[in-house]
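An overview of the molecular structure
The lines below spell out each chain.
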Amino acid sequence: MIDSAAAPLSGRVVLVTGASSGIGRLASRELARRGARVTLLVRDPQRGESTRAWIEATGGLESPEILLCDLSDLEQVHRAAEEFRRRHSRLDVLVNNAGVLQRRRRLSSQGHEWTLAVNHLGPFLLTLSLADLIPSGGRIVNLASVAHTRGRFDFEDMTLEDGYSMWDAYARSKLANVLFTYELARRLAPRRIDVNALHPGTLPTGIARGHSRVASWLWKIVTRFSGRVEEGSDAVVRLAGDPELEGTTGRYFYKMSKAESSPQSHDRRLQAELWSWSLKAVGLTEESMFL
Ligand SMILES: NC(=O)c1ccc[n+]([C@@H]2O[C@H](COP(=O)([O-])OP(=O)(O)OC[C@H]3O[C@@H](n4cnc5c(N)ncnc54)[C@H](OP(=O)(O)O)[C@@H]3O)[C@@H](O)[C@H]2O)c1
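Numbering of residues begins from 1 in every chain and follows the order in which that chain's sequence is written. The predicted origin of the model limits local features to residues at a pLDDT of at least 70 and limits the giving and counting of side-chain atom pairs to 80 or more, whereas totals for whole chains, interfaces and linings rest on all residues.

For the rest of this paragraph, the subject is the packing of helix α4 (residues 114-130) against helix α8 (residues 268-282). Between N-to-C directions, angles span 0 to 180 degrees; the directions come from axes that are lines fitted to C-alpha atoms, helices contributing only their stretch in contact. Secondary structure elements are defined from DSSP: runs of H or I of at least 4 residues count as helices, runs of E of at least 2 residues count as strands, and each element is numbered from the N terminus. Two numbers describe how α4 lies on α8: the axes approach to 10 Å, and their chain directions differ by 80°. Of the possible angle classes, the one that applies to α4 and α8 is roughly perpendicular. On α8, the residues touching Leu121, Phe124 and Leu125 of α4 are Ser278, Ala281 and Val282. Angles are sorted into four bins: roughly parallel if under 35 degrees, roughly antiparallel if over 145, roughly perpendicular if 65 to 115, and oblique for all others. Here the contact rule is simple: place C-beta atoms from the backbone, and any two residues whose C-beta atoms are within 7 Å are in contact.

Below is the structure:
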């Protein structure tokens, strides 16, 4: 557990996606324990309520709010951003944590490959829709993964029609998280908003739920000794609030340490190409953004 004095978050308005389980659930509780006014973005109202009750019962200083949104659906992301803007006039910290490993190929309501829709396009639209509420000194934390090192983009086959693999789809979405982090960090640097990506560790969360029995069993074995979910949550809380990290932006963290992301993630042309493709995919233009 990290020292709470190292992360003073009292009164800060924080939005955490994927707050109903795993790293996001624990991080939301830790942020609320430090006095943050946390909004839990969840897709399931019951899981949201049970997370809120758990946070209230286990030391949250402020009762969290719930914001319902399935990030795979861009219409819902639009509505959630509007609802958040009705409730709050600023957003100090955005934690883009929600993520999936999608076993079988599936398309979102808007026809995007599901993993990319949930792990990248939903968070991309949410972030750009709320970026103007983030004040100078604010932070954005993007949960990526070391899996980004295996990610590949083929802009001719973004729906992965030509052969689908769960791990390839996941790796591509996590590379998107790192590429987005670097591009966004540069764009928000003049406003002194810090944007960083995090690999939280390989941790025993629900991310492998819904997979074959063998894959779930293997995941249990792999994560048995690889770390505790608390370590991932601590790393999120640190990036969200540690004063020592003020001004640290456009970096990739491996758990608690700054690390090098893949050479591909630093490719400015790829960053720009993904940015343009994503804008089009979510129905925005450069002119329509608040950045
Ligand atoms: N665990 C690891 O070893 C590991 C390693 C590297 C990176 N990460 C990253 O860490 C982040 C958190 O994952 P986790 O390990 O804590 O997994 P988790 O326990 O499965 O949590 C994922 C969260 O995302 C939410 N979510 C999934 N699909 C969604 C959708 N369509 N709309 C809104 N929310 C959705 C889930 O909601 P429900 O509760 O409704 O399912 C859940 O709250 C992810 O971005 C993951 O890629 C994890």
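Let us now look at α8. Here the expected length of a helix is defined as 1.5 Å per residue gap, with one fewer gap than residues. In a regular helix each residue adds 1.5 Å, so 15 residues correspond to 21 Å; α8 covers 21 Å between its end C-alpha atoms and thus fits that length. Once C-beta atoms are placed from the backbone, each residue is buried if 20 or more other C-beta atoms lie within 10 Å of its own, exposed if 12 or fewer, and partly exposed for counts between those two. The set of residues buried in α8 consists of Gln271, Leu274, Ser278, Ala281 and Val282. Angularly, the buried residues of α8 cover 95° about the axis, an arc narrow enough to put them on a single face. Counted as exposed and oriented over 90 degrees from the buried face of α8: Arg268, Arg269, Ala272 and Lys280. In this description, one arc is meant: the one made by directions from the helix axis to the C-beta atoms.

Along the chain, Tyr170 turns up in helix α5 (residues 166-188). A count of 23 C-beta atoms within 10 Å places Tyr170 in the buried class. With 101 residues separating them in the primary sequence, Tyr170 and Gln271 have C-alpha atoms 18 Å apart. Setting aside anything within four residues of it in sequence, one finds Tyr170 in contact with Leu101, Thr115 and Ala147.

A residue counts as near a molecule or strand when its C-beta atom, positioned from the backbone, falls within 6 Å of it. Close contacts around the ligand come from 26 residues, with Gly18, Gly22, Gly99, Ser145 and Thr205 the closest. Considering each element in turn, the shell around the ligand owes the most residues, three residues, to helix α1 (residues 22-33). Throughout this entry, Asp, Glu, Lys and Arg are counted as charged residues, while Ala, Val, Leu, Ile, Met, Phe, Trp, Tyr, Cys and Pro are counted as nonpolar. The remaining residues, Gly among them, count as polar. For the shell around the ligand, the per-class residue count stands at nine nonpolar, 13 polar and four charged.

Turning our attention to unusual backbone geometry. Phi angles above zero are rare outside glycine, and Leu160 is one such case at about 55°. Not every positive phi belongs to a glycine, and Lys255 is a case in point at roughly 55°. Within the secondary structure, Lys255 is located in the loop between β7 (251-254) and β8 (257-259). By C-beta crowding, Lys255 is classed as partly exposed, having 16 other C-beta atoms within 10 Å.

Below, the discussion takes up the nonpolar core. A set of buried Ala, Val, Leu, Ile, Met, Phe, Trp, Tyr and Cys residues, joined to one another through C-beta atoms within 7 Å, is what we call a nonpolar core. Residues Val14, Val95, Val236 and Ala240 are the most contacted members of the largest nonpolar core, which totals 75 residues. Ranked by the residues each element gives to this core, the list is headed by α5, at twelve residues. Discounting residues that sit within four places of it in the chain, Val95 has contacts with Val14, Leu15, Val16, Thr17, Ala27, Val141, Val236 and Ala240.

Counted residue by residue, strand β2 (residues 37-42) has six buried out of six residues, so it is predominantly covered. Residues Arg37, Thr39 and Leu41 point to one face of β2 and Val38, Leu40 and Val42 to the other, with burial holding for every one of them. Taken together, strand β1 (residues 13-17), α1 and β2 constitute a β-α-β crossover, and its handedness is right-handed. Two elements, β2 and strand β3 (residues 65-68), share four bridges in a ladder whose sense is parallel. Each residue of the ladder has a partner; that of Leu41, found in β3, is Leu67. Looking down the strands as they point away from the viewer, one classifies a crossover as right-handed if the path from the first strand across the helix to the second runs clockwise. Between the parallel elements β2 and β3, the chain passes through helix α2 (residues 45-57) in a crossover that is right-handed. Paired strands, as defined in this entry, are two strands with at least two bridges between them according to DSSP.

With respect to burial, strand β6 (residues 194-199) is a largely interior element, six of its six residues being buried. Residues of β6 alternate between two faces, with Asp194, Asn196 and Leu198 on one and Val195, Ala197 and His199 on the opposite face, all of them buried. Pairing of strand β5 (residues 139-143) with β6, which is carried by five bridges, proceeds in the parallel orientation. The partner of Leu143 across the bridge, within β6, is Leu198. In terms of strand pairing, β6 meets β7 through four bridges, oriented parallel. Bridge pairing in β7 links His199 to Tyr254.

As a further point, take the sheet that holds strand β4 (residues 93-96). Overall, mixed pairing links the eight strands, which are arranged β3-β2-β1-β4-β5-β6-β7-β8 in an open sheet. Looking at strand neighbours, the two that pair on one side only are β3 and β8, the edges of this open sheet. With direction set aside, neighbouring strand axes in the sheet form an average angle of 25°. Across three bridges, β7 lies against β8 in antiparallel orientation. Counterpart to Tyr254 in the pairing with β8 is Ser257. Against the sheet, helix α3 (residues 74-87) makes contact with β1, β2 and β3, and its axis sits at roughly 150° relative to β3, the strand it touches most.

Checked against the element boundaries, Asp132 lands in the loop between α4 and β5. Looking at Asp132, the number of C-beta atoms within 10 Å reads 14, which means it is partly exposed. Taking C-alpha positions, Asp132 is 15 Å from His78, a pair spaced 54 residues apart along the chain.

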